[in-house]
Amino acid sequence: MSAGSFLRTAFTTKLYVTVLVAIVLGAALGFVAPGVGAALQPVGTGFIELIQMLIAPVVLCTIVTGIASAGELTSVGRIGVKALVYFEVLTTIALIVGLVVMDLFDPGSGIHADPAALHLSGTAQQYAQTGESQHWYDFLVNIIPDTVVSAFTGGNVLQVLLVSILFAIAVKALGERGAPVIRGIERIGEVVFGIVKLVMYLAPVGAFAAMAYTTGKFGASTLASLGGVVLLFWGTGIVFCLVVFGAVARLCGIRILKLYRYFKDELLITLGTANYEVVMPQLMRKLEHLGCPKRIVGLVVPSGYAFNGDGVCLYLGFASLYIAQAFDVNLTIWQQVGLLAVFMITSKGSAGVAGAGFVILAATLSTTGVVPVAGIMLVLGIDRFLSTMRGLVSLCGQMLGSIVVSRWEGVFDRDRARRVLDGHEPVPATVAVN
């Protein structure tokens, strides 16, 4: 194999191998030369921002073309309701699992932290201030952008979703007169996905830099001091992805491990960057190839990034009880149920909020008043490691969302999905990064 063929393969059909190698090398660099690793933050951040700048046009193009092919508009509302039911059930299960795991293992006992000795500072103080100003109805109010243009510049997926749906319905209502608009948006969508394909060539570089920064900045000392908590959360996340999502996949007639193998590129990129939004365009294309109708993928995936924070909810149950245990606050079962109820509402306001997990945690703790909000300082140092698993769990939930709704609608091509997952239907060039 020539050097050129090797490089083309490494950044196309074998991209997942290249990303995995990049992650390992980045982690090694961060441990060996922490200063150099930490200095690579702009490179990793730059890759994430390159993809994030494309999310708004991807959502617009996909939703418009999806609704245009959806038939009657009533089916759009039905699909949306079914997606929200799925999101709510899975996020509630994630919250319960986080609470149960912490009750069983009790990792915060023995710390005996003093609330008076902890003072919010730096990033944690900013998160707490943002959290204290949050209300349960914020996600309803914030879904309305100041202007149509600001919806596409503010980074709030909910606002992009609202404008895209309204635009799609208006075009659909034009009938034949709207057909040229739909065809034009389809062509624009092809161009946008072409840009995504170009940017994805940089995925190994972005994963390398992001992992080098993480290990270089937070390093072995942080992991050693709270390593048990990190390992417990990662173990919980892995079991959740295998058992809970595995059960959902079986109900849809597919095997979860084969699904994860199919999305291995997206999983590894999320592992390296700790950001699962960067794989949204590829996720949508591969779900369509798997057998989910475009009209369902175009609505479920973007709304899932706003409402389906399985990883965030798992983290919320986990972190809140860890802080309570560290402060020797013994929460009764009814107090935990109360926390669960508040989290079910506040977690829906995470879209477009920086440090969403921390903001929601601070908002809920300050609302309930049972656990000192200053306790978020106890998990600030390891949040970068926890956020990686948060992203992976949420991504796995995103993979299944469109499949579940398609199955619920009776339009999921299960036979095709099985052929694709077994490797009998190779991913074409328009879907793969090549």
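Enquirer: Please provide a residue-by-residue account of the overall build of the protein, values included.
Expert: Secondary structure summary: the protein contains 22 helices and 0 strands in total. The buried share of the protein, reckoned over its 434 residues, is 53%. Looking at the protein alone, contacts between residues at least 24 apart form 84% of all its contacts between residues at least 6 apart. Of the roughly 18100 Å² of accessible surface on the protein, 66% is carried by carbon and sulfur atoms.

Enquirer: So what's going on with the nonpolar core? Residues and values would help.
Expert: If you look at the biggest cluster of nonpolar residues, it comprises 118 residues, and the most contacted ones within it are Phe245, Leu259, Leu361, Leu400 and Ile403. When near neighbours in sequence (up to four residues on either side) are disregarded, Leu400 contacts Tyr86, Phe245, Val248, Ala249, Ile256 and Leu259.

Enquirer: How would you sum up the packing of aromatic side chains? Please name residues and give values.
Expert: Under the counting rule described, the total for this entry stands at 5 aromatic pairs. Considering the side-chain rings of Tyr262 and Phe263, the 4.8 Å spacing of their centres and the 75° angle between planes classify their relative orientation as edge-to-face. Phe263 matches Tyr262 in its accessibility class, with the two residues each being buried. Lys286 extends its terminal NZ or CZ atom over the ring of Tyr262, reaching a point 5.0 Å from the ring centre. Looking at Arg390, its charged tip hangs above the ring of Tyr315, at a distance of 4.3 Å from the centre.

Enquirer: Any details on helix α16 (residues 294-307)? Residues and values, ideally.
Expert: Helix length check: α16, at 14 residues, gives a terminal C-alpha distance of 20 Å against a target of 20 Å (1.5 Å per residue), a fit within 8%. Burial within α16 is extensive, with 13 of its 14 residues counted as buried.

Enquirer: Outline a positive patch on the surface, listing residues and values.
Expert: On the surface, Arg250, Arg255, Arg407 and Arg418 cluster together into a positively charged patch. Here Arg418 is to be found in helix α22 (residues 414-421). According to the relative accessible area criterion, Arg418 is partly exposed, its value standing at 39%.

Enquirer: Talk me through the pattern of salt bridges; I want residue IDs and the actual numbers.
Expert: In total, this model carries 6 salt bridges according to the counting rule given. Lys82 is the salt-bridge partner of Glu409, the closest N and O atoms lying 2.6 Å from each other. Of this pair, Glu409 sits in helix α21 (residues 383-409) while Lys82 sits in helix α5 (residues 73-105), and the two are 327 residues apart along the sequence. Take Lys82: its relative accessible area is 14%, and that puts it in the buried class. A salt bridge links Asp422 to Lys258; its shortest N-O distance comes to 2.7 Å. Here Asp422, found in the segment after α22, pairs with Lys258, found in helix α13 (residues 256-262); they are 164 residues apart in sequence, far enough to count as distant. Judged by relative accessible area, Asp422 falls into the partly exposed class, the value being 36%.

Enquirer: Any chance you could break down the environment of Cys313 for me, citing the residues and the numbers?
Expert: Take Cys313: it is sitting in helix α17 (residues 310-326). The exposure class assigned to Cys313 is buried, which follows from its relative accessible area of 2%. Separated by 81 residues in sequence, Cys313 and Ser394 have C-alpha atoms that sit 9.2 Å apart.

Enquirer: Could you give me a rundown of the confidence of the model for the protein, with the residues and numbers involved?
Expert: Per-residue confidence for the protein gives a mean pLDDT of 78; residues scoring 70 or more make up 76%. When the elements of the protein are averaged for pLDDT, helix α6 (residues 122-132) gives the smallest value, 49, and α13 the largest, 93.

Enquirer: Could you give me a rundown of the state of the cysteines, with the residues and numbers involved?
Expert: For the coordinates displayed, the defined rule picks out 0 disulfides. Here Cys292 is not disulfide-linked; the sulfur of Cys252 is the nearest cysteine sulfur, at 8.7 Å. For the unlinked cysteine Cys396, the closest cysteine sulfur is that of Cys241, found at 3.8 Å.

Enquirer: Go over the packing of helix α15 (residues 280-290) against α16 with me, naming the residues and quoting the values.
Expert: Packing of α15 against α16 brings their axes to within 10 Å, and their N-to-C directions diverge by 145°. Considering the relative orientation of α15 and α16, their crossing is right-handed. Listed contacts from α16 to Met280, Leu283, Met284, Leu287 and Glu288 of α15 are Lys294, Val297, Gly298, Val301, Pro302 and Tyr305. Split by residue class, the contact of α15 with α16 holds 8 nonpolar, 1 polar and 2 charged.

Enquirer: If you had to explain a nonpolar patch on the surface to someone new, which residues and values would you point to?
Expert: The grouping of Val81, Val85, Val89, Ile93 and Trp408 at the surface amounts to a nonpolar patch, some 410 Å² of accessible area in total. No other element matches the 4 residues that α5 contributes to the nonpolar patch. Looking at the secondary structure, you find Val81 in helix α5.

Enquirer: Account for the environment of Gly391, with residues named and values stated.
Expert: Tracing the backbone through its elements, the reader meets Gly391 in helix α21. Judged by its relative accessible area of 6%, Gly391 falls in the buried class. With residues near it in sequence (within four places) discarded, Gly391 still touches Thr270 and Tyr276.

Each value, and the rule that gives it
- Residues numbered from 1 in each chain as written.
- Predicted model: local features only at pLDDT ≥ 70, side-chain atom pairs only at ≥ 80, totals over all residues.
- Heavy atoms only, no water.
- Helix = DSSP H or I, 4+ residues; strand = E, 2+ residues; numbered from the N terminus.
- Buried < 20%, exposed > 50% of the residue type's maximum accessible area, 1.4 Å probe, protein only.
- Contact = heavy atoms within 4.5 Å.
- Areas by Shrake-Rupley, 256 points an atom, 1.4 Å probe, with all protein chains shown as cover.
- Core = buried A, V, L, I, M, F, W, Y, C linked by side-chain atoms within 4.5 Å.
- Phe/Tyr/Trp six-rings, centres within 6.5 Å; stacked < 30°, edge-to-face > 60°.
- Lys NZ or Arg CZ within 6 Å of the ring centre and 35° of its normal.
- Expected span 1.5 Å × (residues − 1).
- Patch = residues over 30% accessible without salt bridge, like charges linked within 9 Å, V, L, I, M, F, W, Y side chains within 5 Å.
- Salt bridge = Lys/Arg side-chain N within 4 Å of Asp/Glu carboxyl O.
- Lys, Arg positive; Asp, Glu negative; His and termini not counted.
- Charge placed at Lys NZ, Arg CZ, Asp CG, Glu CD.
- pLDDT = per-residue confidence, 0-100.
- Disulfide = S-S within 2.5 Å.
- Axes fitted to C-alpha atoms, helices over the stretch in contact; angles between N-to-C directions.
- Left-handed = near helix turned anticlockwise from the far one by under 90°.
- Nonpolar A, V, L, I, M, F, W, Y, C, P; charged D, E, K, R; others polar.

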